[in-house]
Amino acid sequence: MEKSSLDADCCALNTVLVEEKRGHLIPNGNAHQGVNGTLICGPISAATGAISSAAAEKKKGYPERETWTRQMDFMMSCVGFAVGLGNVWRFPYLCYKNGGGVFLIPYVLFIFLGGIPIFFLEIALGQFMKAGSINVWNIAPLFKGLGFASMVIVFFCNTYYIMVLAWGFYYFIKSFSSTLPWSTCDNPWNTENCIEIFRHGDCLNGTIGNSTFGNLTCEELANGRSPIIEFWENKVLNISDGLDEPGAMNWEMLLCLMAVWVMVYFCVWKGVKSTGKIVYFTATFPYVVLIILLVRGVTLPGAYDGIMYYVKPNWSKLGEAQVWIDAGTQIFFSYAIGLGALTALGSYNRFNNDCYKDAFVLAFINSGTSFFSGFVVFSILGFMASEQGVDISKVAESGPGLAFIAYPKAVSMMPVAPVWAALFFIMLLLLGLDSQFVGVEGFVTGILDLFPGKYYMRYQREIAVAICCLLCFIIDISMVTQGGMYVFQLFDYYSASGMTLLWQAFWECVVVAWVYGADRFMDDIARMIGYRPFPWMKWCWSFITPCVCMGIFLFHLLNYKPLTYNNVYVYPWWGEVIGWCMALSSMLCIPVSFVYKLSGAKGTFRERWEILTKPVWGAHHLEYMAPDTDIKSLASLSPGTEENKVIIFESVM
């Protein structure tokens, strides 16, 4: 049996040499990884070469790349990463702001024009190349700057995003008290302008009189501040007057930040084998809490008005450009595109996993969660508006304003308020926690992939994760000072903004579709999953999605507005310079890397281009890309060199 196998392999090798002379090639497994898409053929068979290579690596102690224990581990990790705080605090606000149910029309359209195609592209690319966000671009080495750009973006995200978790953890701890500290005005951080309850509607109608807080005029009421706002600004943030006044350290927040980073470290330190188990809890429990909060919310007075305010269509909004831009931008934010983490998660898949089907299932879960969260949020906001006697538009917030001001204020009005507060903030913490540690996983995967097996050492993953967490923690210290909120907004507005993600997504599509080849990549996907995806994907990568990305990118650029805090504080010029430096640090990786590699190569421009755009294949391609017998399916390739001993390996169906 072994002899016949060897004979067959020798025949296959001879066929390769014959076909090579004709300008065709059958992929041959017998080779060492070369550069620029080349594989150096030796005198032994494909099977023997693969076995010998694997045995040599095993003998040296190099670990094989991890794979998910079960495919559901991958699905849950993607859900945990992509479904995050933006689904709960950004989508519902955008929906009500942009015409209610009408907003779903551009939103669904952009799902199929940009969201799913790039989501699928990143997962499939990681699965095919079996590499993290940097080495995955060995598929077109000239554009490896895309990998470094995504690493810069995800590093910034890992740095500032965790502050939201630290704030949520702080609120969660403070929820364990008989009276919520943000519901009263008798705390050390409250000012004389603090007012617990008042009805603006009565004041506007001139019917207000004496109340529990004394006989105050409407002018005095207009200057009143809610206890939740004072808790947020005076206690949690203890905010200073500007970016140039860092002030003192908030030691309570520093401890919360440290605790959250420790949690993240122990979720990631052992790799996907442990991460894949943890996400079963962190990705599913928030749905349980959302359902509980929805059941509670719809039973409150005013909930129906809030929900109708959320979904009632306003057809005139479809004519506004901002509505379409918001829909497109939200897709790129909520699908976690351009960060490289999806590529890292896909790289741990089995080579033959059906990632095409996975992409559609995950997109449905992501967008479905966003829409479902709107009912939870607006049922509560409707109740709060009813209690205060104001229009819902006065209480509707997005971002941290919803999580740390509007919603805590609403739960403080409910019976058994601490229970609902604790439930909400544990949900917030878990929603953000899995997004955070999967982001760290993606960053560490990209870093470790840069070191070949010969540099492997014991505990290198644990050490790499520790260094990453420690470095981010040191930077985060600037965000737990009195001026920390200004630093946080600077990171949020520039480092991982819509413009950087759109720029990244645009180039990903261009490189795969036009440099590597859309048809070629579709063949590679068919090699993995056993069938060709619908041609719509190829059309999107080639034409539609790049146009959508660049259109929204230019809109953001032309409508750029300087960063402000609460629409009052305007950042100084040097603050904006720092912000633009963070944005450009990722965006310039692509052109700078392109020019550097091109200028360092030899030959004419065409020769340099051909050399630098030839893929560098990994060892796993030798295992899975077995020789084909169908000669018609071969692709013509560049001729070999020196007695036809160098063969260009191309992935073909």
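What you see is a predicted model, and the numbers here were worked out from it, not measured in a lab.

With that settled, the discussion passes to the overall build of the chain. A tally of regular secondary structure across the chain gives 26 helices and five strands. Considering the chain as a whole, with its 653 residues, one finds that 56% of them fall into the buried category. Relative to all contacts within the chain whose residues are 6 or more apart in sequence, the contacts with residues 24 or more apart total 83%. Carbon and sulfur atoms form 64% of the exposed surface of the chain, whose accessible area is close to 27,900 Å².

A word on the state of the cysteines. Applying the stated criterion to the full structure yields one disulfide. Note that C185 is cross-linked by a disulfide to C194, the S-S spacing being 1.9 Å. Its S-S torsion of approximately -75 degrees makes the covalent link between C185 and C194 left-handed. Owing to a relative accessible area of 21%, C185 belongs among the partly exposed residues under this scheme. No disulfide involves C267; its sulfur sits 10.0 Å from the nearest other cysteine sulfur, which is in C469. Among the cysteines around C549, which has no disulfide bond, C509 carries the closest sulfur, lying 5.6 Å off. Take C549: its relative accessible area is 0%, and that puts it in the buried class.

A surface patch of nonpolar side chains, about 390 Å² in accessible area, is lined by L255, M258, V262 and F266. Of note, M258 is situated in helix α11 (residues 251-268). The class for M258 is partly exposed, based on a relative accessible area of 39%.

Excluding glycine, a negative phi dihedral is what most residues carry, and trans is how most peptide bonds are arranged. Notably, N238 is not glycine yet its phi reads approximately 45 degrees, a positive angle. For N238, the position within the fold is in the loop between α10 (227-236) and α11. The phi torsion at V416 lies on the positive side, around 50 degrees, for a residue other than glycine. Following the sequence through the fold, V416 ends up in the loop between α17 (400-412) and α18 (417-448).

So, about the nonpolar core. One recurring pattern in soluble globular proteins is that nonpolar side chains are buried together. One finds W167, W232 and F521 to be the most contacted residues of the largest nonpolar core, which totals 200 residues. When sequence neighbours within four positions are dropped, the list of residues in contact with W232 reads W167, Y171, L237, F404, I405, M485 and Y565.

Cut-offs used in this document
- Residues numbered from 1 in each chain as written.
- Predicted model: local features only at pLDDT ≥ 70, side-chain atom pairs only at ≥ 80, totals over all residues.
- Heavy atoms only, no water.
- Helix = DSSP H or I, 4+ residues; strand = E, 2+ residues; numbered from the N terminus.
- Buried < 20%, exposed > 50% of the residue type's maximum accessible area, 1.4 Å probe, protein only.
- Contact = heavy atoms within 4.5 Å.
- Areas by Shrake-Rupley, 256 points an atom, 1.4 Å probe, with all protein chains shown as cover.
- Disulfide = S-S within 2.5 Å.
- Patch = residues over 30% accessible without salt bridge, like charges linked within 9 Å, V, L, I, M, F, W, Y side chains within 5 Å.
- Salt bridge = Lys/Arg side-chain N within 4 Å of Asp/Glu carboxyl O.
- Core = buried A, V, L, I, M, F, W, Y, C linked by side-chain atoms within 4.5 Å.

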